[in-house]
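# Breakdown of the fold
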Amino acid sequence: MRIVVKIGTSTLAHPGGRLNIRHIESLVKVWSDIKNAGHELIIVSSGATGLGAGKLQIARPRDITTKQAAAAVGQCELMYTYDKLFSEYSHTVAQILVTWEDFDHELRRRNLQNTLMRLLELGAVPIINENDTVATEEYSVGDNDTLSALVAQCVHADLLVLLSDIDGLYTADPHTHPDATLIHRVERITPEIEALAGGAGSALGTGGMTTKVVAARLANAEGVDMVIANGSHAELLYDIVDGKDVGTKFLGRKETNR
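Residues numbered from 1 in each chain as written. Predicted model: local features only at pLDDT ≥ 70, side-chain atom pairs only at ≥ 80, totals over all residues. Heavy atoms only, no water.

Looking only at helices and strands, the protein features eleven helices and eight strands. For the protein, whose C-alpha radius of gyration is 17 Å, the value lies close to the compact-globule estimate of 18 Å for 258 residues. When the backbone C-alpha atoms are referred to their principal axes, the protein occupies close to 45 × 45 × 35 Å. The long-range fraction of contacts in the protein, counting pairs at least 24 apart against all pairs at least 6 apart in sequence, stands at 71%. When the accessible area of the protein is evaluated, it comes to approximately 12,200 Å², of which 50% is carbon and sulfur surface. Seen as two clouds, the 24 positive and the 33 negative side-chain charges of the protein have centres 3 Å apart. (Helix = DSSP H or I, 4+ residues; strand = E, 2+ residues; numbered from the N terminus. Rg over C-alpha atoms; globule rule 2.2 N^0.38 Å. Contact = heavy atoms within 4.5 Å. Areas by Shrake-Rupley, 256 points an atom, 1.4 Å probe, with all protein chains shown as cover. Lys, Arg positive; Asp, Glu negative; His and termini not counted. Charge placed at Lys NZ, Arg CZ, Asp CG, Glu CD.)

What follows is the structure, given as structure tokens:
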């Protein structure tokens, strides 16, 4: 199975922006084990700007220049950490930084696809992030939920998993409605499902439930199943890969047409 996993900033970092070492160590251990089981794995990792801000000891920047500077600092720490932890399980990582142009231009998209496919053939784990140090609003994907769906389309993935700080899509906002229940399966994204999506994410991240539903629509349109799950429980990925009811699963066309 070819799996794209997106990990959010709120899962990778403490509220102050510093790396959550316990979480990332647990995640890499599970990811490595899943790869050992014969699956292909691509990681779309948020966190560069948030980690960079934490390392620079500044609040999350709002102006584009400081965001790009923080991303440059944070990307180094992020890749150093991934390389170190994956190496402990004898896996090699590869860094790929992209912008919207890499998906919008056919030749660049094909080049990206060829590189990713070759890396998978070579047994590497591609770690993808938006190239925030050069991306401006005009050329920005905007959020890594959407980016992960574009990557899943590009490599014809079997499964996309968005690991966030929430268990999935609920019937109402669980922070304000204690009686809200988790929706385990979404066979079709209707206006009612879209209405359930919330607004802003955490202080560190840029995504919310709205971007996740958008990502699900993009992935499902290409037949890719997508799951939203809580990234604080790394071992849940085993159950997701096994097809168990974890988080919220948005069914791709291939599955809904069976």
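Within the structure shown, the criterion is met by three aromatic pairs. Ring geometry for Trp 31 versus Tyr 82: centroids 6.4 Å apart, planes at 35°, classification tilted. Of this pair, Trp 31 sits in helix α2 (residues 21-36) while Tyr 82 sits in helix α4 (residues 64-87); the two residues are 51 residues apart in sequence, bridging distant segments of the chain. Its relative accessible area of 1% is what places Trp 31 among the buried residues. Residue Tyr 82 is classed as buried on the basis of its relative accessible area, which comes to 0%. (Phe/Tyr/Trp six-rings, centres within 6.5 Å; stacked < 30°, edge-to-face > 60°. Buried < 20%, exposed > 50% of the residue type's maximum accessible area, 1.4 Å probe, protein only.)

Here we come to the nonpolar core. Ranked by size, the top nonpolar core spans 42 residues in total, and within it Val 4, Ile 128, Leu 147, Val 151, Leu 160, Met 226 and Phe 250 carry the most contacts. Listed by contribution, the elements that provide at least two residues to this core are β2 (40-45), β3 (93-98), α6 (106-121), α7 (144-154), β5 (159-164), α9 (209-221) and β7 (225-230). For Val 4, the contacting residues outside a window of four places in its chain are Ile 42, Val 44, Ser 148, Val 151, Ala 152, Val 155, Ala 157, Leu 159, Leu 160 and Val 161. Counting 33 residues, the second largest nonpolar core, distinct from the first, contains Ala 13, Met 79, Leu 163 and Val 241. (Core = buried A, V, L, I, M, F, W, Y, C linked by side-chain atoms within 4.5 Å.)

Across all of its chains, the model carries eleven salt bridges by this definition. Between Glu 40 and Arg 2 there is a salt bridge; the shortest N-O distance is 2.6 Å. Taken together, the residues Glu 40 in strand β2 and Arg 2 in strand β1 (residues 2-7) connect sequence positions 38 residues apart. One salt bridge in this structure joins Asp 239 and Lys 244, with 3.5 Å as the shortest N-O distance. (Salt bridge = Lys/Arg side-chain N within 4 Å of Asp/Glu carboxyl O.)

This part is about the sheet that holds β2. Taken together, eight strands build an open sheet; the order of strands is β3-β4-β2-β1-β5-β7-β8-β6 and the sheet is mixed. Looking at which strands have only one partner, the edges of the open sheet turn out to be β3 and β6 (185-186). Sheet analysis places β6 next to strand β8 (residues 248-250), joined by two bridges and oriented parallel. By the bridge assignment, Arg 185 is partnered in β8 with Lys 249. Set on the sheet, α2 makes contact with β1, β2, β4 (125-130) and β5; between it and β1 the angle comes to about 175°. The sheet strands contacting α4 are β1, β2, β3 and β4, and the helix crosses β3 at an angle near 155°. (Pairing = 2+ DSSP bridges. Axes fitted to C-alpha atoms, helices over the stretch in contact; angles between N-to-C directions.)

Next up on the list: the pairing of β5. Regular strands show a simple pattern: their side chains alternate between the two faces of the sheet. Across the six residues that make up β5, a large majority, six, are buried. Here β5 shows no split at all, with Leu 159, Val 161 and Leu 163 on one side and Leu 160, Leu 162 and Ser 164 on the other all buried. Where β1 lies against β5, five bridges are found, and the strand directions are parallel. In the sheet register, Val 5 faces β5, and the bridge partner there is Val 161. Sheet topology note: the β5/β7 ladder contains six bridges and is parallel.

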